[in-house]
Amino acid sequence: MRFAWRRCRMSNPDVPIGVRSLQFLSAHLCPRLRINRPLCFRFSVLALTYIAYCCYHLTRKPISVVKSVLHRNCSTVALPKGVLLSDAIDNSTWCDYPPFDGPNASALFGTLDSAFLFCYAAAMFASGFIAERVSLRYFLTFGMLFSGIFCYLFGVAKTYGVHSMAYFVFVQAMAGIFQTTGWPGVVTVVGRWFGKSKRGLIFGIWNSHTSIGNILGSLIAANYVESDWSRSFIVPGLIMGVCGFILFLFLVDSPDSVGCTERHAERRRDQYSRVESNDSTDDSEPDDTDIIVGEQEVTMRANERSPMLGGAPALAANHEAIGFGGALRIPGVVEFSLCLFFSKLVSYTFLYWLPLYIQSSTTLGAELSADLSTLFDVGGIIGAIAAGILSDYTNMPASTCSGMLAVAVPMLLVYQHWGTLSLPVNILLLFVVGILVNGPYALITTSVSAELGQHSCLEGNSKALATVTAIIDGTGSIGAAVGPLLAGLVSTSGWENVFYMLMISDVVALLLLVRLVMKEFKRRKRNVRIE
């Protein structure tokens, strides 16, 4: 749907200083230049939020790359230049890095992952609550600066010879807390600026920031991992700090802050579009809500037969920021949240353990294993776009997710059994697995979350996006915390058991969407009959 925007006003003192500076320069240097301000703002929002979340994942990835050098078979590691064997034996840090130099290294790595992810999951719910009530520009800037600081602090542990496990756990836990500012913030900002037309495609392309961030994080970390692993954390941390400052200067977090408001008629059509049926003989099961992502709008039947809304007033008629109870009552939030729990469990297990698995199952070194692992994220980019296009075309997001999950299960088994046959086979299968694993995860966390956060039962209330996004992603983040922890424990009995765990998780995620899939097919059948 096209937006009809009023002329943007720049007099608001909340307009970022960078935007005001550009406005001043353009007015004095190019006074006759006419700029489509709404289009420029929308483009800048996409670019800045894209870069921002790239940075969030840029600082998450190094730990998975550095694991391979924190604990390794020292007999196969070449001595540094100028170091004698006798000196190396006396120096316990020349190969392994304490406290990760013992046989319990995998368990310690799992503890670090859990410290980050459990704190991330717990803080996500509070983060969404806060994000609805503060300026998102300050919220994101603050989160990015402190996320960069704690990434930096992990790296300087090597520089200053810190070997305390408590230190590493604390740094990871604090990093997890501040990383929660990212997802509710960027999704809410983008959701405010863009409508529902082709939302799946737009979010699918935009969501590639996750994979691009993982790829860049892997490549930067791999570049330093064998020479000085501290820089694998220091460099991403500095990059994130700089990008956070740029975000503070230029991000316009809401159309209202610059006076770019939609015309009332267009806004009402966008938010209250309904599907009406005059077929009084339709004896199909009434749907309280039909979730449609794509060209059509969210449609809803909220009448006296609705078991969820029951003809009651809208959930957010006063346009105040919605609470957790109200957000959970939005149809579809619970199912998609639980599905994301298991989907994200699988995705983050790959995120944190894939480089180590490749190194242990092949003859590749730490740097090449990290480079190869980026193919999973490349596949994730294609998977996110494919899921968005399918969701837009079919208007059936739950069915799209279920189809990809169903195919992902056997592909995980294929990769585990035949991925190590040769490098070309590994590359191909890893790319395909990335498509199937990350597609549903990306669709739920972006397009579906934004759709539910602007559900028609909210009566146009825009102050639910961050809360709904935080609930869905927070629930998924609990799964993301459980997955790597279980992988660290299960991997001691064989990597094949890790893959069995991942396949079971995808099956459960698929089953959780069965009710929504059935409703989507019933709705589609009813619409075809009406037409």
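In what follows, the structure referred to is the one given above.
Note that the coordinates shown come from a computational prediction; the quantities given were computed from them, not determined experimentally.

Enquirer: For the overall build of the protein chain, give the residues involved together with the corresponding values.
Expert: If you tally the helices and strands in the protein chain, you get 20 helices and two strands. Contacts in the protein chain between residues far apart in sequence, at least 24 positions, make up 84% of those at least 6 positions apart. A total accessible area of about 22,000 Å² is found for the protein chain, and carbon and sulfur atoms account for 64% of it.

Enquirer: Run through the nonpolar core, naming residues and quoting values.
Expert: The nonpolar side chains of a soluble globular protein tend to be buried with one another. Grouped together as the largest cluster of nonpolar side chains are 120 residues, with contacts concentrated most on Trp193, Phe350 and Tyr415. For this core, the element with the most residues is helix α14 (residues 333–361), which contributes 15 residues.

Enquirer: Can you explain the packing of aromatic side chains? Please cite residues and give values.
Expert: Across all of its chains, the model carries 28 aromatic pairs by this definition. Measuring from centroid to centroid gives 5.2 Å for Tyr357 and Trp495, while their planes differ by 65°, and the two rings are edge-to-face. Taken together, the residues span a long stretch of sequence, with Tyr357 in helix α14 and Trp495 in helix α19 (residues 495–512) at a distance of 138 residues. Exposure class is identical for Tyr357 and Trp495. Each is buried. The side chain of Lys67 reaches across the aromatic face of Trp353, ending 4.0 Å from its centre. In this structure, Arg137 packs its charged tip against the face of Tyr138, placed 4.8 Å from the ring centre.

Enquirer: So what's going on with the pattern of salt bridges? Which residues, and what values?
Expert: Where side chains of opposite charge bring their charged atoms close, a pairing between them can arise. On inspection of all chains with the given rule, the structure shows five salt bridges. Across the pair Asp113 and Lys67 runs a salt bridge, and its minimum N-O distance is 2.7 Å. With Asp113 in helix α5 (residues 105–131) and Lys67 in helix α3 (residues 62–70), the pair connects residues that are 46 residues apart, well separated along the chain. Here Asp113 matches Lys67 in class, with each residue buried. Of the charged contacts in the structure, one is a salt bridge between Asp228 and Arg231, with a shortest N-O distance of 3.6 Å. Within this structure, Lys158, Asp228 and Arg231 form a network of salt bridges that share partners.

Enquirer: Give a description of unusual backbone geometry that names residues and reports values.
Expert: The omega torsion of the bond from Pro98 to Pro99 falls at 10°, within 30 degrees of zero and hence cis. Here Asn395, not a glycine, exhibits a phi torsion of approximately 60°, which is positive. For Asn395, the location among the structural elements is in the loop between α15 (366–394) and α16 (397–418). With relative accessibility at 10%, the residue Asn395 sits in the buried group.

Enquirer: Give a detailed account of the side chain of Ser64, specifying residues and quantitative values.
Expert: Structurally, Ser64 can be placed in helix α3. A polar atom in the side chain of Ser64 sits 2.8 Å from the backbone oxygen of Lys61. Discounting residues that sit within four places of it in the chain, Ser64 has contacts with Leu351, Tyr352 and Pro355.

Enquirer: Could you give an account of the packing of α14 against α16, with specific residues and numbers?
Expert: Packing of α14 against α16 leaves a shortest axis separation of 13 Å and a crossing angle of 30°. Our classification of the angle between α14 and α16 gives roughly parallel. Seen from above, α14 lies across α16 with left-handed handedness. For the pair formed by α14 and α16, the contact residues are Phe336, Cys339, Ser343, Phe350, Leu354, Tyr357 and Ile358 on the first element and Ala398, Leu405, Leu412, Tyr415 and Gln416 on the second. Its residues placed into classes, the contact of α14 with α16 shows ten nonpolar, two polar and no charged.

Enquirer: Residues and numbers for α5, please.
Expert: Relative to the 39 Å expected for 27 residues at 1.5 Å per residue, α5 spans 37 Å between its end C-alpha atoms, a close match to the ideal helical length. The largest bend in α5 comes to about 35°, at Met124.

Enquirer: A description of the environment of Asp473 should follow, citing residues and the corresponding values.
Expert: Of note, Asp473 is situated in helix α18 (residues 465–490). With 135 residues separating them in the primary sequence, Asp473 and Leu338 have C-alpha atoms 9.8 Å apart. One polar contact links Asp473 to Tyr120, side chain to side chain, over a distance of 3.3 Å.

Enquirer: Residues and numbers for the packing of α5 against helix α6 (residues 136–159), please.
Expert: Helix-helix packing is characterised by the crossing angle of the two axes and by the distance between the axes. Direction vectors running N to C along α5 and α6 enclose 165°, while the axes themselves pass 13 Å from each other. In terms of axis orientation, α5 runs roughly antiparallel to α6. You can see that α5 and α6 cross each other, and the crossing is right-handed. Contact residues: α5 offers Leu112, Ser127, Ile130 and Ala131, while α6 offers Leu136, Phe139 and Phe154. Across the contact of α5 with α6, the residue classes break down as six nonpolar, one polar and no charged.

Rules used in this analysis
Residues numbered from 1 in each chain as written. Predicted model: local features only at pLDDT ≥ 70, side-chain atom pairs only at ≥ 80, totals over all residues. Heavy atoms only, no water. Helix = DSSP H or I, 4+ residues; strand = E, 2+ residues; numbered from the N terminus. Contact = heavy atoms within 4.5 Å. Areas by Shrake-Rupley, 256 points an atom, 1.4 Å probe, with all protein chains shown as cover. Core = buried A, V, L, I, M, F, W, Y, C linked by side-chain atoms within 4.5 Å. Buried < 20%, exposed > 50% of the residue type's maximum accessible area, 1.4 Å probe, protein only. Phe/Tyr/Trp six-rings, centres within 6.5 Å; stacked < 30°, edge-to-face > 60°. Lys NZ or Arg CZ within 6 Å of the ring centre and 35° of its normal. Salt bridge = Lys/Arg side-chain N within 4 Å of Asp/Glu carboxyl O. Polar contact = N/O pair within 3.5 Å; in protein donor to acceptor, adjacent residues only side chain to side chain. Axes fitted to C-alpha atoms, helices over the stretch in contact; angles between N-to-C directions. Parallel < 35°, antiparallel > 145°, perpendicular 65-115°, else oblique. Left-handed = near helix turned anticlockwise from the far one by under 90°. Nonpolar A, V, L, I, M, F, W, Y, C, P; charged D, E, K, R; others polar. Expected span 1.5 Å × (residues − 1). Bend = angle between axes of the 7 residues up to and from the residue.

In short, the description is geometric, and any link to function would need to be established separately.
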